[in-house]
Structure formats: structure tokens, C-alpha cells
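Spelled out, the chains give:
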Amino acid sequence: MTCAAIIVAAGRGLRAGGPVAKQWQPLCGKRVIDHTVTAFLSHPRIDRVVLVLHADDLGDADFDGVTLTTGGADRAASVRAGLAALTDPAVTHVLIHDVARPCVTARTISDVIDALDHSPGAAPALPVTDALWTGADGRVTGTQDRTGLYRAQTPQGFDRAAITAAHAAHASNAADDVEVARAAGLDVAIVAGDEDNLKITHPADFDRAARILRGRNGHQTG
Ligand SMILES: Nc1ccn([C@@H]2O[C@H](COP(=O)(O)OP(=O)(O)OP(=O)(O)O)[C@@H](O)[C@H]2O)c(=O)n1
Ligand SMILES: C[C@](O)(CO)[C@H](O)COP(=O)(O)O
């Protein structure tokens, strides 16, 4: 098995706000993107890293050991760009990861890779443990059964040829790559998620990510 990571980092981070897109903002002495890229470059079972950037950000890319490419108008288009940038025929599997998840651990990456020994797809997720409502205008409008519901995370791993064909057949955007894979009939194994593998989405998420990273390695604040 030869694994490539595709890190999608072409978003604009509108919900997070700030002077620059969230992946370029400071986090524990580095940029968010530096933590994410390092997590994959340093993993012994990741053989290639493709970094998918917004066209406006290519000039900021100062990463050694990664293949750069330009993303698209939505996450799925950026994933397709990353798949297209993978030119090495030796790569058999891909792990597709949000740059906005800088706290991903080597354990989660390894667990996804291990699951790909027995499944064409594998992705981390956490079972929903809170009650679920629908709401509008600040009031509860209904309740939803949480049985069998999961909160999906990344990296989402796949047989390279299978996910490449699945994305080629899936013309529109998708919430994640598991949606694309399942639309193509691929089986996807659930791997244990990690509460610390949060996606930086809103401003408060930066502090949470910093607490997590400081708690692990005594990171200095940025
Ligand atoms: N056209 C896009 C849109 C999103 N992404 C990536 O997909 C991941 C998950 O998307 P999200 O958290 O929504 O990031 P943004 O789209 O940047 O955030 P927002 O929706 O708040 O603008 C992120 O790592 C983001 O960089 C991407 O590569 N290309
Ligand atoms: C891919 C993902 O992180 C899985 O939970 C999530 O769907 C990304 O959502 P976003 O709205 O693009 O941040």
C-alpha cells in the first residue's frame, strides 16, 4: 500500500473571519496550515502529500516535500484537483483531509490506513451523543432520533482508483468524500473519531485547538 495525503486548503474561511483565511492564521506559534501539513509529512505511512490551495494563496506556499495545486470553487472541486495532481502511478490509496483540522493525530491517520486493508473506504466519525432538535427563530420546532447518526471527520481514506472514478462520476459538490464514495457504491468503514480532531470553523475554535495542542506538547502560544 502506498498512501498519499490530499490536504484541501483552498477555502476562504468566511465563518471563521479574520484578516486572512483561517488556514493562514496563527496557532500555537505556527500557522494552522503548518500543523496540518506537518501531521501528514511526519507520518511514516504517508508517502506523498498534495496541498490544494486557493489561487490567491499560492505565493504564500513555503512548504518542502509537498505537491502544490490550485483548488476549485467548492470542496469537491478542490478534491478533484488534488486527485488530478497525483501523477505517481505507485500511489494506491489516498487520505483526503481538511486543512482546518490541525489537531489530527498520527493515531487517527494510522487507524484510517489500517482500515483500508479491508475496505475500499474508511473514515473517522463520532456517534452523536446529544439529543437532536430542529429549530427556527430561537425556538425548538422538533426533535430528531439520533440512533445510528455520526459526526464525520477527516482524513477520509479510499482506494485511489475507486475514489478518482467516484469523483469523476459525481459532478456536483458534496458534504464530504464519503458521500461521493457511497454514491458510487463504495463501502466505507467507520473508524473511531477523536473529539480533539475538530474542524476550525468559527472564531472560538482557534482557542480550543490551541488548548488541545498546548496540552499535547506544551506548545508556546502564537
Ligand atoms: N473551495 C473550497 C472550499 C473548501 N475547501 C476546504 O475544505 C475544508 C472544509 O471546508 P470549510 O471548513 O467549510 O472551509 P471554508 O470553506 O474555508 O470555510 P467557510 O465555509 O466558513 O468559508 C477546508 O479545509 C477548506 O479549506 C477547499 O479546499 N476548497
Ligand atoms: C468534510 C467534513 O469536514 C466532514 O465533517 C465537513 O463536511 C466539511 O464541512 P464544511 O462545511 O465544508 O466545513
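Please read all numbers here as calculations on a predicted model, not as lab measurements.

### Focus: the site of ligand 2
At step 1: The environment of ligand 2 is made up of Arg15, Arg75, Asp98, Arg101, Ala152, Thr154, Ala175, Asp176 and Lys199.
At step 2: Interatomic distance of 2.8 Å between a backbone N/O atom of alanine 152 and an oxygen atom of ligand 2.
At step 3: The contact in question runs from an oxygen atom of ligand 2 to an N or O atom on the backbone of alanine 175, over 2.7 Å.
At step 4: Surface burial for ligand 2 is 71%, taken as the share of its 360 Å² of free accessible area covered by protein chains.
At step 5: Tallied by class, the residues present in the shell around ligand 2 amount to two nonpolar, one polar and six charged.

### Things to note about the nonpolar core
At step 1: Grouped together as the largest cluster of nonpolar side chains are 26 residues, with contacts concentrated most on Ile33, Phe40, Ile46 and Leu51.
At step 2: Contributing elements (two or more residues each) for this core: β1 (3-9), α1 (32-41), β4 (48-53) and α3 (106-115).
At step 3: Ile96, Val178, Ala181 and Leu186 belong to the second-largest nonpolar core, a separate cluster that totals 24 residues.

### Structural notes on the UniProt feature "site: Transition state stabilizer" (unreviewed entry) in the protein chain
At step 1: In the numbering used here, UniProt assigns the feature "site: Transition state stabilizer" (unreviewed entry) to Arg15 and Lys22.
At step 2: Residue position: arginine 15 is located in the loop between β1 and β2 (26-27).
At step 3: Arginine 15 sits in the exposed class, given a relative accessible area of 57%.
At step 4: For arginine 15, the contacting residues outside a window of four places in its chain are Lys199, Thr201, His202 and Pro203.

### Quick word on the UniProt feature "site: Positions MEP for the nucleophilic attack" (unreviewed entry) in the protein chain
At step 1: When the UniProt feature table is mapped to this numbering, "site: Positions MEP for the nucleophilic attack" (unreviewed entry) covers Arg146 and Lys199.
At step 2: With respect to the helices, strands and loops of the structure, arginine 146 is situated in the loop between β9 (139-144) and β10 (150-152).
At step 3: On the basis of relative accessibility, which here comes to 36%, the residue arginine 146 falls in the partly exposed class.
At step 4: The contact partners of arginine 146, leaving out residues within four places of it in the chain, are Val128, Thr129, Asp130, Ala131 and Leu132.
At step 5: Of the residues examined, lysine 199 reaches a relative accessible area of 28% and is grouped as partly exposed.
At step 6: A polar contact of 2.8 Å, which involves the side chain of lysine 199, links it to the side chain of threonine 201.

### Considerations on the packing of aromatic side chains
At step 1: Summed over the entire model, instances satisfying the criterion amount to one aromatic pair.
At step 2: Ring centres 6.4 Å apart and planes at 45° place the aromatic pair tryptophan 24 and phenylalanine 63 in the tilted group. Here tryptophan 24, found in the loop between β1 and β2, pairs with phenylalanine 63, found in the loop between β4 and β5 (67-70); they are 39 residues apart in sequence, far enough to count as distant. You'll find tryptophan 24 and phenylalanine 63 in the same group, each marked buried.

### Some remarks on the environment of glycine 138
At step 1: Within the secondary structure, glycine 138 sits in the loop between β8 (132-136) and β9.
At step 2: Classification of glycine 138 as exposed rests on a relative accessible area of 85%.
At step 3: Taking C-alpha positions, glycine 138 is 29 Å from arginine 101, a pair spaced 37 residues apart along the chain.

### Thoughts on the pairing of strand β6 (residues 93-98)
At step 1: With respect to burial, β6 is a largely interior element, six of its six residues being buried.
At step 2: A two-sided burial pattern is seen for β6, the buried positions comprising His93, Leu95 and His97 on one face and Val94, Ile96 and Asp98 on the other.
At step 3: Summarising the sheet, β6 and strand β11 (residues 156-159) pair through four bridges and their orientation is antiparallel. Pairing of valine 94 across the sheet is with phenylalanine 158, part of β11.

### Quick look at the site of ligand 1
At step 1: With respect to spatial proximity, 18 residues lie near ligand 1, and among them Gly13, Leu14, Arg15, Lys22 and Ser78 are the closest.
At step 2: Within the contact set of ligand 1, an oxygen atom lies 3.1 Å away from a backbone nitrogen or oxygen of arginine 12.
At step 3: Contact between ligand 1 and glycine 72: a nitrogen atom at 2.9 Å from a main-chain N or O atom of the residue.
At step 4: In the shell around ligand 1, the residues fall into seven nonpolar, four polar and seven charged.

The rules we used
- Position numbers for residues start from 1 in each chain and track the written sequence from start to end.
- Key to labels: chains lettered from A, ligands numbered from 1, both in the order written.
- Predicted model: local features are reported for residues with pLDDT of at least 70 only, side-chain atom pairs are reported and counted for 80 or more only, and whole-chain, interface and lining totals are derived from all residues.
- Heavy atoms from the whole structure form the basis of all side-chain values; hydrogens and water molecules are not counted.
- A cutoff of 4 Å decides nearness: a residue is near a molecule or strand if any of its heavy atoms lies inside that distance of it.
- We call two N or O atoms a polar contact when they sit within 3.5 Å, provided that within protein one can donate a hydrogen and the other can accept it, with sequence-adjacent residues counted only if both atoms are side-chain atoms.
- Throughout, the Shrake-Rupley method with a 1.4 Å probe supplies accessible areas, and for residues the shown protein chains are the sole cover considered.
- Under the scheme applied, nonpolar residues are Ala, Val, Leu, Ile, Met, Phe, Trp, Tyr, Cys and Pro; charged residues are Asp, Glu, Lys and Arg; polar residues are all the others, including Gly.
- Among the buried residues, those of types Ala, Val, Leu, Ile, Met, Phe, Trp, Tyr and Cys that are joined through side-chain atoms within 4.5 Å form a nonpolar core.
- Exposure categories follow from relative accessible area, calculated using a 1.4 Å probe and restricted to protein chains: below 20% of the type maximum is buried, above 50% is exposed, and the middle band is partly exposed.
- Here a strand is any run of E in DSSP of at least two residues, a helix any run of H or I of at least four, and the numbering for each starts at the N terminus.
- UniProt positions are given in the numbering used here, feature names are shortened, and annotations may be inferred rather than shown by experiment.
- In this description, contact between two residues means that some pair of their heavy atoms is separated by no more than 4.5 Å.
- Two rings belonging to Phe, Tyr or Trp (six-membered ring only in the last case) form a pair when the distance between their centres is within 6.5 Å. Interplanar angles under 30 degrees mark stacking, angles over 60 mark edge-to-face geometry, and anything in between is tilted.
- In this scheme, strands are said to pair when DSSP sees at least two bridges between them.

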